[in-house]
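This is what each chain is made of:
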Amino acid sequence: MLFSRISRIPRTAINGRRWFLSLWPEHHPQFRRSENPCFPNGSSFKVLAGSEKSYWGFPALHGFRHKIHHQSSSIVEEQQDPFSLVADELSLLANRLRLMVVAEVPKLASAAEYFFKMGVDGKRFRPTVLLLMATALNVSIPEPYPSGYGDALTDELRARQQCIAEITEMIHVASLLHDDVLDDADTRRGIGSLNFVMGNKLAVLAGDFLLSRACVALASLKNTEVVSLLAKVVEHLVTGETMQMSATSEQRCSMEYYMQKTYYKTASLISNSCKAIALLAGQTAEVAMLAYEYGRNLGLAYQLIDDVLDFTGTSASLGKGSLSDIRHGIITAPILFAMEEFPQLRAVVDQGLDNPANVDLALEYLGKSRGIQRARELAMKHANLAAAAIHSLPENDNEEVRKSRRALLDLTHRVITRTK
Ligand code: GRG
């Protein structure tokens, strides 16, 4: 079903690389530079090609062929793994990030680079989405432009959009560093958390440092709308975290409160960054809103599944996850749905989940309820809304654009079937 609308797009000539965006502000001198705008001195380095790892514990889907029907004929479109579609660019981005977080003081330098090292740089979910969104929103360059002009503009725009992906990743990692301090976590991404290895003070400072580097990169884009979008995201991260730590009993047991907190903590960053990608491309407010809606719903679906996996782990059975949320007294969608079926669960939660007996009792209620299933269904609803946003984008017959849109649709499916 995901591909139903794509199948209606007429497949005519492929435009090659000469895409153009309607409101390109060509009078701005900063758009003339050819190097990445995040690097004031235009640093250059080797590009590592190829995919470094497989992601998310998904079944390998590299290059499976997806059959879609077009008018009377039946055509086969290559469905690529979304991550491998941008693998080369992700490697480039990872290298640039390592350069962007270099600090003057050695101690700060080693703290700041900690989660940008090869192998511990996470799933790179956000930059993948953003790079795919950048291609998905490209539109063809009108013909009268002199030869080569369109290519230069396209490269400039791509560099600016890559910069958004880098900023987003820096904000994400900064929030992880601070989160681990607040949670007193001892592991992250399979290694010791930075606070555990270097102490709370350095972890907080490294987070601040990453934020400051993200701000400098953001300022270099000289787009105040994009700056305020991402500044808002930082506010949302802090608000979401504070909502979680200061919730009253009433708020902790409210689905509305949980969804708002989830938007702030998880979905705001990806949704507003998707919007920033659209704005840099000079897209209309309608398209920017669709990009935002895609990111918002994908982010919500992602977190809902995260909350399910905390109970189930890779298997479908309850209690196989880390149970980290419930043991920390964090009430998530599965428990909230279980509470609707078994209101007596509220008293168990209120008695305190620092008591292991109450955790066991809560899990018992959850097991008897449809909580896990309903949380999955809610995730599916948001994944479908994300897919609907992609289907609503203006039609485009460029093969690269179509491929990226298919990859974004594919991600909506992967987000709800992931096992880690
Ligand atoms: C310093 C910006 C800043 C904020 C401070 C602590 C805090 C306020 C906010 C915490 C926000 C937070 C860490 C939310 C969790 C978001 C989340 C879903 C993290 C996991 O993301 P993955 O699965 O992780 O993409 P990887 O490791 O793959 O990158």
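Use the structure listed above.
Residues numbered from 1 in each chain as written. Predicted model: local features only at pLDDT ≥ 70, side-chain atom pairs only at ≥ 80, totals over all residues. Heavy atoms only, no water.

Draft legend 1. Looking closely at the overall build of the protein chain. What the protein chain contains, in helices and strands, is 17 helices and 4 strands. Residue burial in the protein chain is summarised as follows: out of 420 residues, 54% are buried. Look at the contacts in the protein chain between residues 6 or more apart in sequence, and 77% of them connect residues 24 or more apart. Total accessible area on the protein chain is roughly 18400 Å²; 56% of this is exposed by carbon and sulfur atoms. (Helix = DSSP H or I, 4+ residues; strand = E, 2+ residues; numbered from the N terminus. Buried < 20%, exposed > 50% of the residue type's maximum accessible area, 1.4 Å probe, protein only. Contact = heavy atoms within 4.5 Å. Areas by Shrake-Rupley, 256 points an atom, 1.4 Å probe, with all protein chains shown as cover.)

Draft legend 2. Region of the structure containing the site of the ligand. Neighbouring the ligand are 19 residues; Lys-123, Arg-126, His-172, Arg-189 and Tyr-302 lie closest to it. With respect to the ligand, the side chain of Arg-126 contributes an N or O atom lying 2.7 Å from an oxygen atom. Take His-172: an N or O atom from its side chain is 2.7 Å from an oxygen atom of the ligand. Its free accessible area being 740 Å², the ligand has 91% of it covered by the protein chains. Of all the secondary-structure elements, those providing two or more residues to the shell around the ligand are helix 5 (149-183), helix 8 (224-246), helix 10 (255-280) and helix 11 (285-312). Here the shell around the ligand is composed, by residue class, of 7 nonpolar, 6 polar and 6 charged. (Near = heavy atom within 4 Å. Polar contact = N/O pair within 3.5 Å; in protein donor to acceptor, adjacent residues only side chain to side chain. Nonpolar A, V, L, I, M, F, W, Y, C, P; charged D, E, K, R; others polar.)

Draft legend 3. Up close: the pattern of salt bridges. This structure, assessed with the given rule, holds 20 salt bridges. The partner of Arg-98 in a salt bridge is Asp-121, and the shortest N-O contact between them spans 3.7 Å. Residue Arg-98 is located in helix 2 (residues 87-100), and its partner Asp-121 is located in the loop between helix 3 (106-112) and helix 4 (125-136); the two are separated by 23 residues in the primary sequence. Among the residues examined, Asp-121 registers a relative accessible area of 5% and is labelled buried. Across the pair Glu-340 and Arg-374 runs a salt bridge whose closest N-O atoms are separated by 3.1 Å. With Glu-340 in helix 13 (residues 333-341) and Arg-374 in helix 16 (residues 371-391), this pair connects stretches of sequence that are 34 residues apart. Classification of Glu-340 by relative accessible area gives partly exposed; the value is 48%. Looking at Arg-374, the relative accessible area reads 23%, which means it is partly exposed. When salt bridges with common partners are traced through the structure, they connect Asp-179, Asp-180, Arg-188, Glu-241 and Lys-265 into a single cluster. (Salt bridge = Lys/Arg side-chain N within 4 Å of Asp/Glu carboxyl O.)

Draft legend 4. Spatial organisation of unusual backbone geometry. Even without being a glycine, Arg-189 presents a positive backbone phi close to 50°. By the element assignment, Arg-189 lies in the loop between strand 3 (187-188) and strand 4 (191-192). Looking at Arg-189, the relative accessible area reads 25%, which means it is partly exposed. Of note, the phi angle at Leu-323 is positive, near 55°, even though the residue is not glycine. Tracing the sequence through the fold places Leu-323 in the loop between helix 11 and helix 12 (324-327).

Draft legend 5. Quick look at helix 15 (residues 356-368). Over its 13 residues, helix 15 extends 19 Å from the first C-alpha to the last, a length consistent with the 18 Å expected when each residue adds 1.5 Å. Looking only at helix 15, the buried set comprises Asn-358, Val-359, Ala-362, Leu-363, Tyr-365 and Leu-366. Here the buried residues of helix 15 occupy an arc of 160° about the axis, which is enough to place them on one side. Set apart from the buried face of helix 15 by more than 90 degrees, the exposed residues are Pro-356, Glu-364 and Lys-368. Where helix 15 is buried, its residues contact helix 11, helix 12, helix 13, helix 14 (345-351) and helix 16. (Expected span 1.5 Å × (residues − 1). Arc of directions from axis to C-beta.)

Draft legend 6. Seen up close, the packing of helix 11 against helix 16. Contact geometry for helix 11 and helix 16: axes closest at 8 Å, N-to-C directions at 160°. By the criterion of interaxial angle, the relationship of helix 11 to helix 16 is roughly antiparallel. At the point where helix 11 passes helix 16, the crossing takes the left-handed sense. Between helix 11, through Leu-290, Glu-293, Tyr-294, Asn-297, Leu-298, Leu-300, Ala-301, Leu-304, Ile-305, Val-308, Phe-311 and Thr-312, and helix 16, the contact on the second element is made entirely by Ile-372, Ala-375, Arg-376, Leu-378, Ala-379, His-382, Ala-383, Leu-385, Ala-386, Ala-389 and Ile-390. Residues belonging to the contact of helix 11 with helix 16 are distributed by class as follows: 18 nonpolar, 3 polar and 2 charged. (Axes fitted to C-alpha atoms, helices over the stretch in contact; angles between N-to-C directions. Parallel < 35°, antiparallel > 145°, perpendicular 65-115°, else oblique. Left-handed = near helix turned anticlockwise from the far one by under 90°.)

Draft legend 7. Up close: helix 17 (residues 399-417). For helix 17, with 19 residues, the first-to-last C-alpha span of 27 Å sits near the 27 Å given by 1.5 Å per residue. The buried count for helix 17 comes to 15 of 19 residues, which makes it a mostly enclosed element. Put simply, Asn-398 is the residue that caps the front of helix 17, since its side-chain oxygen is 2.8 Å from the backbone nitrogen of Glu-400.

Draft legend 8. Just the packing of aromatic side chains, in detail. Under the definition given, this model contains 4 aromatic pairs. Taking the centre distance of 4.9 Å and the plane angle of 80° together, the rings of Tyr-114 and Phe-115 count as edge-to-face. Take Phe-115: its relative accessible area is 2%, and that puts it in the buried class. Consider the rings of Tyr-263 and Tyr-264, whose centres lie 5.8 Å apart with planes at 55°: the pair is tilted. The burial state of Tyr-263 is the same as that of Tyr-264; both residues are buried. A cation sits over an aromatic face here: Arg-418 above Tyr-302, 4.0 Å from the ring centre. (Phe/Tyr/Trp six-rings, centres within 6.5 Å; stacked < 30°, edge-to-face > 60°. Lys NZ or Arg CZ within 6 Å of the ring centre and 35° of its normal.)

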